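Structure assessment
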Amino acid sequence: MASSAMIPTYTSSSKGEDMQVDIEKNSKSHVRSQWVLNPPEPPSSWRVVTDSVGKSISRFRKNFSSLRDESWTKVLFSALQKIFPILVWGRSYTATKFRKDLLAGLTIASLCIPQSIGYATLANLAPQYGLYTSVVPPLIYAVMGTSQEIAIGPVAVVSLLLSSMVEKLSDPIFNPIAYTKLVLLATLFAGIFQTAFGLFRLGFLVDFLSHAAIVGFVGGAAIVIGLQQLKGLLGVSHFTTKTDIISVTKAVWQAIHNPWNPRNFILGCSFLVFILSTRFLGKKKKKLFWLASISPLLSVVLSTLMVFVTRADKNGVKIVKHVKGGLNPSSIHMLDFNNPYVGEVAKIGLIIAVVALTESVAVGRSFASMKGYQLNGNKEMLSIGFTNIIGSFTSCYVATGSFSRTAVNYAAGCETLVSNIVMGMTVLIALQFMTKLLYYTPTAILASVILSALPGLIDVNEAFRIWKVDKFDFLACLAAFFGVLFASVEIGLLVAVAVSFSKIIVISIRPGTETLGKLPGTDLFYDVNQYPMAVKIPGLLIIRVKSALLCFANATFVRERIMKWVSDEEEESVDDKGNSITQIQLVILDMSNLVNIDTSGIAALEELHKSLSTHKKQLAIANPRWQVIHKLKVSNFVNKINGRVFLTVEEAVSSKIQC
């Protein structure tokens, strides 16, 4: 019984193995071609949309059904946790984390106070507006943000961009109130746009500013900012409001040749050297990072004491004078939507929103990668947007993530966003009780604080790396850099985006093509230029188009390029007597890169087939994608090339060799 029971099992196994061998032997290339030619019909665009909507609805129903049996308090708390991440990570907050956050918050506050005053003057606002922007925005972001390290507040590039655009609508010197109203309104619009980007998942708009363009733009802006700080270093009262390097250089030249007080220059340069020295020392010895962080505040304190004791303001040293103290006042009444420039301000808000988000998200992602967690881009946009909306109601101008303060926050060992809360509360205490002490602060010191932050914005090494990796990207970098330097900040941004778009267009309308050869000892076909050992098959020309889309923009170029490859190959195969050694008989198009094709692309393939047929050559297709083969079948192109469609290039080559 036992032996008889084993016989069927053995026989069945033998038959299965024999059948498998037969299938493998009979699987010719024409059989596998049917796999390519007869796939299921791909989903239509309408079906893709409806499926996406259906999945979203089912996901919502699933979440709703899971919450339906819960109490309303638990549902409310769950919703609040989505909006305010602090309710999630705050539950596991410990005293050890607080000690680290307290130290980090106090450290960045010491850097933030002088920087905020300096950036406010850069934005042509009263000094207190910079301090206001370092109080409310960090507190709002602390409860809504997803980054653990970002330090929120005013930044140099946004301050320069804001002042350069708004001052065209209102003069900050002759009408400071109207100018301030426009800045606050631009901040509100920036917050609205940023919130909309997050709600509607439009984060891709931020990517229109490529990495190379940002490097060039920030570098150019840093040089312009540096030149403008010569106004404070030289202690001149009248200076150009233009941002291009020619106008600023001309203003500096005129200031030097007019009477000026060298005490401002000596004072500012002395403390600039001090700040840069402490920064150099902090980089050399990591344990002394705190010295570089507090050096700007220390410079402000020491210089203020020096001026107060020596009464240097009586001898020509320019001072800040009155800084309004107290809590952030409400600015809702200053948001004037009946202003004739409201349309222009909305455009400014959009530009500022994109630039501020680009900087903040870039900073957040870089530090998130260091700590090994993922930053939610859309939530970041929402949190920054709400921060600026509420900020515009509380006398704050545009706030975003600061790279310099975030780096200090990270180095100080911050654990959570509580460090932002500590920083905001520290600045608030300074506003409440210490603004009168800033009366004698020299403007040259504020200029030196801003100048000390600029070297970190000019990334020469990154520009050199871009040059080595991608020359077109380097062109975008240069365009942004020189656009900011010689035109304006807005022109620099526009040129950077235009060059980035032109790169996309050029790549789309002029995609590369490559001839393929067989790697020895394999069934693989690769570019003969990249792999010189790859062998071309006599009588065959195998071409791959390096584009995801064959469409109206590039179809003609691709067809002409392929025909040129054919003629060039035949010219190379002619001997000294003019006789053809090998005639191209079959052209194989490797479509593995091609994701989709339109009617213009199909028409170009039909013209290519006709041209080849006229010269007694055949056309074959290998490895077409789902949408591509579907459209080629519907258009009857597959029948026109007699069904020469193959799963792989190797099978297309084998079919010709067998023939």
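Residues numbered from 1 in each chain as written. Predicted model: local features only at pLDDT ≥ 70, side-chain atom pairs only at ≥ 80, totals over all residues. Heavy atoms only, no water.

Selection rule: UniProt positions are given in the numbering used here, feature names are shortened, and annotations may be inferred rather than shown by experiment.
The chain is annotated in an unreviewed UniProt entry as Sulfate transporter 2.1 from Stylosanthes scabra. We quote the UniProt Subcellular location (unreviewed entry) comment for the chain here in full: "Membrane".

1. Here we look at the confidence of the model for the chain
To keep it simple, the criterion reads: As a per-residue quantity, pLDDT reports the predictor's confidence and falls between 0 and 100. Whether two residues are in contact is decided by their heavy atoms: any pair within 4.5 Å suffices.
Within the chain, residue pLDDT values average 86, and 92% of them lie at 70 or more. Ignoring residues within four places in sequence, the model shows residues 1-26, a span with pLDDT below 50, making one contact including any to other chains.

2. Some details on the packing of helix α6 (residues 95-122) against helix α15 (residues 289-310)
Applied cut-off: Every axis in this analysis is a line fitted to C-alpha atoms, fitted for helices over the stretch in contact. Angles between the N-to-C directions lie between 0 and 180 degrees. Every helix listed is a DSSP run of H or I at least four residues long, and every strand listed is a run of E at least two residues long, numbered separately from the N terminus. Handedness of a crossing follows from how the near helix is turned relative to the far one, being left-handed for an anticlockwise turn of less than a right angle and right-handed for a clockwise one. Under the grouping applied here, Gly and all other residues not named as nonpolar or charged are polar, the nonpolar ones being Ala, Val, Leu, Ile, Met, Phe, Trp, Tyr, Cys and Pro and the charged ones Asp, Glu, Lys and Arg.
Direction vectors running N to C along α6 and α15 enclose 35 degrees, while the axes themselves pass 8 Å from each other. As for how α6 packs across α15, the hand of that crossing is left-handed. Where α6 approaches α15, its residues Thr107, Ser110, Leu111 and Pro114 are matched on the opposing element by Phe289, Ser293, Ile294, Pro296, Leu297 and Val300. In terms of residue class, the contact of α6 with α15 is built from seven nonpolar, three polar and no charged.

3. Quick look at unusual backbone geometry
As a reminder of what qualifies: When accessible area is computed with a 1.4 Å probe and restricted to protein chains, residues below 20% of their type maximum are described as buried, those above 50% as exposed, and intermediate ones as partly exposed.
Positive phi is not limited to glycine here, since Ser395 has a value of about 65 degrees. Position of Ser395 among the secondary structure elements: in the loop between α17 (377-393) and β2 (400-401). A relative accessible area of 2% places Ser395 in the buried class. The phi dihedral of Asn623 is positive, around 55 degrees, even though this residue is not glycine. Mapped onto the secondary structure, Asn623 falls in the loop between β9 (618-622) and α26 (626-634). When its relative accessible area of 32% is taken as the criterion, Asn623 is described as partly exposed.

4. Focus on empty space enclosed by the protein
To keep things clear, this is the line we draw: Cavities and pockets were defined on a 1 Å grid built from protein atoms only: a cavity is a group of points that admits a 1.4 Å probe but offers it no way out, a pocket is an open group of points flanked by protein on both sides within 12 Å along at least five of seven lines, and a lining residue is one with an atom within 4 Å of any such point. Grid points are joined across faces, edges and corners, and a volume is the space filled by probe spheres set on the points.
Applying the stated criterion to the full structure yields three cavities of 30 Å³ or more. The space that makes up the largest cavity amounts to roughly 80 Å³. Forming the boundary of the largest cavity are Ile543, Val545, Leu550, Val558, Ile562, Leu589, Asp590, Met591, Leu594 and Leu605. Only β5 (540-546), α24 (555-572) and β7 (586-590) provide two or more residues apiece to the lining of the largest cavity. Classifying every residue of the lining of the largest cavity by side-chain character gives nine nonpolar, no polar and one charged.

5. Things to note about the packing of aromatic side chains
Keep this limit in mind: Ring pairs shown here join Phe, Tyr and Trp side chains whose ring centres sit within 6.5 Å, with only the six-membered ring taken for Trp; geometry is labelled stacked below 30 degrees between planes, edge-to-face above 60, and tilted in between.
A full pass over the atoms with the stated rule returns eleven aromatic pairs. Where Phe189 meets Phe337, the ring centres are 6.3 Å apart and the plane angle is 85 degrees; that geometry is what we call edge-to-face. In this pair, Phe189 is assigned in helix α10 (residues 176-199) and Phe337 in the loop between α15 and α16 (342-371), connecting sequence segments 148 residues apart. Classification of Phe337 by relative accessible area gives partly exposed; the value is 46%. An angle of 70 degrees between the planes, with centres 5.0 Å apart, marks the rings of Tyr439 and Tyr440 as edge-to-face.

6. Some words on the environment of Pro520
Along the chain, Pro520 falls in the loop between β3 (512-518) and β4 (525-527). Residues Pro520 and Pro138, spaced 382 residues apart in sequence, show a C-alpha to C-alpha distance of 62 Å.

7. Re the layout of surface pockets
The space that makes up the largest pocket amounts to roughly 1500 Å³. Lining the largest pocket we find 46 residues, and of these Thr121, Asn124, Leu125, Ile173 and Lys231 sit closest to its centre. Those elements that provide at least two residues to the lining of the largest pocket are α6, α7 (127-132), α9 (156-166), α10, α12 (230-234) and α20 (443-453). Residue composition of the lining of the largest pocket, grouped by class: 22 nonpolar, 19 polar and five charged. One number sums up the size of the second largest pocket: a volume of about 960 Å³. In terms of lining, the second largest pocket is formed by 30 residues, of which the most central are Arg279, Lys283, Ser404, Ala407 and Val408. For the lining of the second largest pocket, the elements supplying multiple residues, two or more each, are α6, α9, α14 (262-284), α15, α16, α18 (403-411) and α20. Looking at which element gives the most residues to the lining of the second largest pocket, the answer is α18, with six residues. In terms of residue class, the lining of the second largest pocket is made up of 19 nonpolar, seven polar and four charged.

8. Quick notes on the pattern of salt bridges
Where charged atoms from two side chains of opposite charge approach closely, those side chains can pair. Selection rule: Should a side-chain nitrogen of Lys or Arg be within 4 Å of a carboxyl oxygen of Asp or Glu, the pair is scored as a salt bridge.
For the structure on display, the rule yields 17 salt bridges. A salt bridge links Glu650 to Lys518; the nearest nitrogen and oxygen atoms lie 3.6 Å apart. Here the residue Glu650 occupies a position in helix α28 (residues 649-658), and Lys518 occupies one in strand β3, the gap between them amounting to 132 residues. In this structure, the salt-bridge partner of Glu569 is Lys536, at a minimum N-O distance of 2.7 Å. In this pair, Glu569 is assigned in helix α24 and Lys536 in the loop between β4 and β5, connecting sequence segments 33 residues apart. A single network of salt bridges, built from pairs that share partners, joins Glu514, Arg544, Lys546 and Asp590.

9. Describing the sheet that holds β5
Formally: Should DSSP find at least two bridges between two strands, the strands are taken to pair.
The strand order β4-β3-β5-β7-β9-β10 describes an open sheet built from six strands, whose pairing is mixed. In this open sheet, the two strands that pair with only one neighbour each are β4 and β10 (645-646). Where β9 meets β10, two bridges bridge the pair, whose relative direction is parallel. In the sheet register, Ala622 faces β10, and the bridge partner there is Phe646.

10. Details of the packing of α9 against helix α11 (residues 211-228)
What counts, and what does not: These descriptions rest on fixed angle ranges, namely under 35 degrees for roughly parallel, over 145 for roughly antiparallel, 65 to 115 for roughly perpendicular, and the rest for oblique.
Direction vectors running N to C along α9 and α11 enclose 75 degrees, while the axes themselves pass 10 Å from each other. What the angle tells us is that α9 and α11 run roughly perpendicular. Contact with α9, carried on its side by Ala156, Val157 and Leu160, involves Phe217, Val218, Ala221, Val224, Ile225 and Gln228 of α11 and no other residues of that element. The class makeup of the residues in the contact of α9 with α11 is eight nonpolar, one polar and no charged.

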